[in-house]
Amino acid sequence: MPTAILPPAVRLQPQELVLATARQYLPARCWPLIGTIIVFLLPFFWLVALVSWRPWGWLLLGALFGVGLWWPTRWWIRWAKTRLVVTNQRVIDIDQRGIWDRVVSEAPLDRISDVHFSQRGLAGTLWHYGTVEYLILPGQTRIVSGQLKHPQIIAQKILTAMTATEPAGADETADWTAVTVASANDLLRLLERMRQQLGPAQFSRLVGKVDPGYWQYRIQRAKQRREQSGDGPPAA
């Protein structure tokens with residue numbers, strides 16, 4: 001996949017490959033244009049009066065046309081340059097907030113502790129667009145990418161890339177078989193020790209390798225929690 005989808009400040013590493021990219025669903029972003037179209041068409045209704053009212057009529061006419069042209073241009077640049085990019089090493093969130101205002105957030109896959117998606121409202125359900133959220137360690141920084149087409153596919157791409165990444169660090173290969181497990185409580189204590197030493201992200205990756213259905217289970221659980229409790233993200 002060409003690297004032109006990335007801003008000049010973001011460059012791929014030698015062995016880094018783009019696995020998926022997602023833009024905001026275009027129809028969901030069209031509502032702000034309605035007011036702009038009205039402003040752009042207003043001068044045509046008063047064209048004769050404005051032209052005859054010199055020089056203020058000419059100035060007002062130019063201002064209305066200027067706003068009518070500038071706002072759609074800004075809207076298009078924001079939509080065209082805002083996207084979520086998933087590679088085999090990281091997740092890159094590009095948020096184009098204005099013509100010259102851009103925020104880029106990068107998260108290495110081994111520091112992502114949770115990924116979930118949501119689809120809200122009738123429009124989101126019918127047209128299959130919604131939000132993808134993930135947490136970054138340390139500090140549980142929350143990154144939200146909204147109005148993406150097929151958010152469940154993007155979330156699954158991130159989870160698949162996380163499980164495909166090789167374990168980073170010798171602690172993941174520690175010999176846990178030396179620990180005696182005599183009861184369910186011993187097993188729970190062992191798992192808690194592993195989670196504390198490896199961290200939530202690496203621990204989740206290990207569990208996902210043992211149980212292929214683990215990530216799908218987490219997605220479903222996160223969706224159920226959001227439906228029951230509101231907008232708060234589930235605990236890592």
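In the block above lies the structure referred to throughout.
Counting restarts for each chain: residues are numbered from 1 in the order of the written sequence. Predicted model: local features are reported for residues with pLDDT of at least 70 only, side-chain atom pairs are reported and counted for 80 or more only, and whole-chain, interface and lining totals are derived from all residues. Hydrogen atoms and water are omitted, and side-chain values are computed over all heavy atoms in the structure.

The next subject is helix α3 (residues 56–81). Secondary structure elements follow DSSP: runs of H or I of four or more residues count as helices, runs of E of two or more count as strands, with numbering from the N terminus. A helix is expected to reach a length of 1.5 Å times the quantity of its residues less one. Here α3 spans 37 Å end to end across 26 residues, near enough to the 38 Å set by a 1.5 Å rise per residue. When accessible area is computed with a 1.4 Å probe and restricted to protein chains, residues below 20% of their type maximum are described as buried, those above 50% as exposed, and intermediate ones as partly exposed. Within α3, burial applies to G57, L61, L64, G68, R74, W75, W79 and A80.

All right, on to the side chain of T131 then. In this fold, T131 is placed in strand β6 (residues 129–136). Owing to a relative accessible area of 17%, T131 belongs among the buried residues under this scheme. In contact with T131, other than residues within four places in its own chain, are H116, F117, S118, V144, S145, G146, Q147 and P151. Between two residues, a contact is recorded if the distance between any of their heavy atoms is within 4.5 Å.

Think of a nonpolar core as a cluster: buried Ala, Val, Leu, Ile, Met, Phe, Trp, Tyr and Cys residues, connected wherever their side-chain atoms sit within 4.5 Å. If you look at the biggest cluster of nonpolar residues, it comprises 21 residues, and the most contacted ones within it are I112, V115, Y134 and I158. Those elements that provide at least two residues to this core are β1 (18–23), β2 (83–87), β5 (112–118), β6, β7 (141–149) and α5 (151–164). Broken down by element, the residue count for this core peaks at six residues, all from α5.

Below, the discussion takes up α5. Between the first and last C-alpha of α5 there are 20 Å, a value that for 14 residues agrees with the 20 Å anticipated at 1.5 Å per step. The set of residues buried in α5 consists of P151, I154, A155, I158, L159, A161 and M162. Summarising the axial view, the buried residues of α5 lie within an arc of 160°, below the 170-degree limit, and thus occupy one face. This arc is taken over the directions from the axis of the helix to the C-beta atoms.

In this section: the pairing of β2. When you tally the buried positions in β2, you get five out of five residues, the bulk of the element. Residues R83, V85 and T87 of β2 are buried on one face, and the alternating residues L84 and V86, pointing to the opposite face, are buried as well. Where β1 lies against β2, five bridges are found, and the strand directions are antiparallel. Residue R23 lies in a different strand from β2, and its bridge partner there is R83. When DSSP locates at least two bridges between a pair of strands, those strands are taken to pair. Bridge count between β2 and strand β3 (residues 90–98): four bridges; the pairing is antiparallel. Following the sheet pairing, L84 is matched in β3 by D93.

A word on the pattern of salt bridges. Counted as salt bridges are all cases of a side-chain nitrogen of Lys or Arg within 4 Å of a carboxyl oxygen of Asp or Glu. All chains considered together, the criterion is met by four salt bridges. Among the salt bridges present, the one from E106 reaches R90, with a minimum N-O distance of 2.3 Å. Of the two residues, E106 sits in strand β4 (residues 101–108) while R90 sits in strand β3, which places them 16 residues apart along the sequence. Residue R90 is classed as buried on the basis of its relative accessible area, which comes to 11%.

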